[in-house]
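Residue-level structure breakdown
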Amino acid sequence: MPQAYLYQNANFLSFLASSLEIGLFIASPAGNGVGVELSIAIAPGYARQPITLTPVLNMCASNNAPISWNATGAWATAYFFGVFLASTGDLVYWGALPR
């Protein structure tokens, strides 16, 4: 295998071993985290949820466990998700939710 792939794969596996959390956004985080994440003010009971990702194929990962949030009131509609490092709160991946 090419050396670059081995290096990238090792970093990817290291990333997957990190403590990760998933959060919900009402506006796109645009890769720099400036989107509008749900908060207690617009989603009572909201908090980022821990996730565990496992490698599946060619630097892709999957979460095999259900992810759920406990709403304690009416929530704004989420259109995007973000994956964060739990240790720093840094946004490391984001995407649109299916509609």
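Please refer to the structure higher up on the page.
Quick look at the structure, then. (Residues numbered from 1 in each chain as written. Predicted model: local features only at pLDDT ≥ 70, side-chain atom pairs only at ≥ 80, totals over all residues. Heavy atoms only, no water.)

With that settled, the discussion passes to the overall build of the chain. Helix and strand counts for the chain stand at one helix and six strands. Beginning at the N terminus, the succession of helices and strands in the chain can be written as α-β-β-β-β-β-β. Out of the 99 residues in the chain, the part that is buried amounts to 22%. Considering only contacts in the chain between residues 6 or more positions apart, those separated by 24 or more positions represent 59%. About 6200 Å² of surface is accessible on the chain, with carbon and sulfur atoms providing 58% of the total. (Helix = DSSP H or I, 4+ residues; strand = E, 2+ residues; numbered from the N terminus. Buried < 20%, exposed > 50% of the residue type's maximum accessible area, 1.4 Å probe, protein only. Contact = heavy atoms within 4.5 Å. Areas by Shrake-Rupley, 256 points an atom, 1.4 Å probe, with all protein chains shown as cover.)

Another aspect to go through is the packing of aromatic side chains. Summed over the entire model, instances satisfying the criterion amount to four aromatic pairs. Its guanidinium or amino end placed over the ring of F84, R48 lies 3.4 Å from that ring's centre, counting from NZ or CZ. (Phe/Tyr/Trp six-rings, centres within 6.5 Å; stacked < 30°, edge-to-face > 60°. Lys NZ or Arg CZ within 6 Å of the ring centre and 35° of its normal.)

With that settled, the discussion passes to the nonpolar core. Counting nine residues, the largest nonpolar core consists of F12, L16, L20, I22, I51, L53, F81, V83 and L85. Broken down by secondary-structure element, the contributors of at least two residues to this core are α1 (3–16), β1 (20–25) and β5 (80–85). For this core, the element with the most residues is β5, which contributes three residues. Setting aside chain neighbours within four positions, we find V83 in contact with L20, E21, I51, D90, L91, V92 and Y93. (Core = buried A, V, L, I, M, F, W, Y, C linked by side-chain atoms within 4.5 Å.)

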